[in-house]
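Residue strings, one per chain:
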Amino acid sequence: MTFYIITLFPEYFASALNCGQLKKAREKGLIKFIFINPRDFTEDKHKTVDDKPYGGGAGMVMMLPPLDRALQQTPQNSCKILLSPKGKLFSQEKAKILAQQKDIVLICGRYEGIDARLKEMYSLDVLSVGDYVLNGGESAALNIIEAISRLLPGFMSKEESFKEDSFFNDILEYPHYTRPEEYKGYKVPQVLLSGHHSKILKWKRQKSLEITLKNRPELLIKTYLNQEDREFLKKLPKRKLGKNLYLTLLHYPVLDKFKKVSTTSLTNLDIHDISRVSCTYGLGGYFLVIPLQDQQKLAKRLLEHWTKGPSSKLNTDRARALELVEVAANLDEVVEKIKLKTGQPPVLIATSAREGEISFLKIRKLLESKPVLLILGTGHGLAKEILKKADFIIQPICFGRKYNHLSVRSAAAIMVDRILGEFW
C-alpha cells in the first residue's frame, strides 16, 4: 500500500514513520510513503499557499491552485481523504474498509482550513479523528496511517492480535497483566492464573463488557449480546439518573385544535403506558394534572383498582408501574410535591413539536445534580402560559421532517429513552 501525504510539513512524519512496526513494515515493502508539499506548486517567489477568506473572518485559508496541482501528482483512482474536524468520525470499521485500498491520499489541512472547492473538484472523503481541533492534519494522518497499516497482512507478528483489540468486535478490550503476580500489594486476578481456559474466556468477555458499559456504553448497540451477556450487564451497577426525572401530563391548560385554551379528559392508555415507561426507566414519579374534580376521582379510582384492588394481585408488574402515578390539580402542586420530596424545586422543561432550546444530553447532565420535571401536554399542545413558566423548552424529537405528530405516549417514551437510555 502507498500513502501519498499532502502536507506543508513533511518533516513532521520523520520520527513516527521510522520506528517500531511502521519502520519494519516499510523495510518489508508492505507500506510506502510519498510526500507532496503544496509549496512546491506555487507560482510566486514567496511560495504562498494561503490567503484571507472571502466574506471575512479570522485566520487564513489554504489556496486552491497549489492543492489542485499537488493532487494531480497522485494516482487518479486513489482514495483521497481530507482530514478535517468537519468530517465523519474515523473508526475501526472505516480502517478495515481503507485497508483494502492500494493507494491512499491524505490531505493535511492547516490554518483555518482549505478552499472548499477542492472537495467538489475531487469528491474527497472528509474524515475527523475526534471531536476536537488540531493545529493541522498531520497528527490525524498518523493516526489513520497506523490504524490502517496494522490491518495489512504481514504487518502484525501475530495476525490474531488485532482480533482482540478494542473496537474490533465493537466493544473495548479487557485488561492485561504480566509478571510479577503481585506488586506492592496489587495482585493479578486469580482466574488468569488458573489455567482454566473457559473461565478465562468468560472473564475476558465480561471485563470487556464492564469496561465498555462504563466508558463507551453507546458501543453496546453495535455489538451482538447473547443472553449470558445481558444477564451479566443487568447485575452491573449503573448511574441511576432516572430518580431525578419526573413526568407530568397536563390536561389543563392545553390547546384545542382551534388553538384555544381548553381542558381534556383522561385516557386510560396515557395513564398505563406512560407509567410503564416511568417504571422501566426508574423515574422519580409521574403526575396527572387534572383540574376537574370528577376526573380526579376517576383517576384515583382507576389507580386504586390496579394498585390496591383485585387487579393488583393479578398483574403485579402493572401495579408496580401505576404506584408511581399521582394526581394533582395544577402544575404548581406538582412542583411543591417534588420540592418536598427532593429538597429543591425541579427544573421545568416543557415539550413542544415546534420550538426548543435544550437538548436531551443537556437534560441528562442536569439530572446529575437537580430534579427535572418534563411537562407533557394533551390535546394540541401546552398553552403559552405553561411555556412561559418553563425554564426550558426541549428540542423537538424530529427535525427536518414534514410530518411530526406523535401521540403523547410515543413522544414520552422516545424522550425518556433519549435522556436516560442505557447505551450512551
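Residues numbered from 1 in each chain as written. Predicted model: local features only at pLDDT ≥ 70, side-chain atom pairs only at ≥ 80, totals over all residues. Heavy atoms only, no water.

(A) Structural detail: the overall build of the protein chain. Looking only at helices and strands, the protein chain features 15 helices and 17 strands. Here the C-alpha atoms of the protein chain give a radius of gyration of 29 Å, more than 25% beyond the 22 Å that 2.2 N^0.38 yields for 424 residues. A principal-axis box enclosing the C-alpha atoms of the protein chain has dimensions of 85 × 65 × 40 Å. Among the 424 residues that make up the protein chain, the fraction classed as buried is 44%. Contacts spanning at least 24 positions in sequence make up 75% of the contacts within the protein chain whose residues lie at least 6 apart. Per element, the accessible surface of the protein chain, about 24900 Å² overall, is 51% carbon and sulfur. Distance between charge centres in the protein chain, computed from 66 positive and 48 negative side chains, equals 3 Å. (Helix = DSSP H or I, 4+ residues; strand = E, 2+ residues; numbered from the N terminus. Rg over C-alpha atoms; globule rule 2.2 N^0.38 Å. Buried < 20%, exposed > 50% of the residue type's maximum accessible area, 1.4 Å probe, protein only. Contact = heavy atoms within 4.5 Å. Areas by Shrake-Rupley, 256 points an atom, 1.4 Å probe, with all protein chains shown as cover. Lys, Arg positive; Asp, Glu negative; His and termini not counted. Charge placed at Lys NZ, Arg CZ, Asp CG, Glu CD.)

(B) Fine view of the pattern of salt bridges. Summed over all chains, the structure comprises 18 salt bridges. Ionic pairing is found between Glu218 and Arg216, a salt bridge with its closest N-O pair at 2.4 Å. Since its relative accessible area comes to 30%, Glu218 is described here as partly exposed. Residue Asp273 pairs with Arg276 through a salt bridge whose shortest N-O separation is 3.7 Å. Here Asp273 and its partner Arg276 are both found in helix α8 (residues 268-280), three residues apart, which amounts to about one turn of the helix. Under the relative-accessibility criterion, Arg276 is labelled partly exposed at 40%. By sharing partners, the salt bridges in this structure join Asp270, Asp273, Arg276 and Arg409 into a single network. (Salt bridge = Lys/Arg side-chain N within 4 Å of Asp/Glu carboxyl O.)

(C) Up close: the sheet that holds strand β17 (residues 392-393). Across the sheet, six strands lie side by side as β14-β13-β10-β16-β15-β17; this open sheet has parallel pairing. If you trace the sheet from one side to the other, it starts and ends with β14 (325-328) and β17, each paired once. Judged from the two bridges that link them, strand β15 (residues 347-350) and β17 form a sheet pairing that is parallel. Bridge assignment links Ala350 to a residue of β17, and that residue is Ile393. The sheet contacts of α8 involve β10 (245-250), β13 (285-289), β14 and β16 (372-377), and relative to β13 the element is tilted by about 155°. Relative to β10, helix α12 (residues 331-342) is tilted by about 165°, and along the sheet it contacts β10, β13, β14, β15 and β16. (Pairing = 2+ DSSP bridges. Axes fitted to C-alpha atoms, helices over the stretch in contact; angles between N-to-C directions.)

Geometric descriptors of this kind do not, in isolation, establish any biological role.
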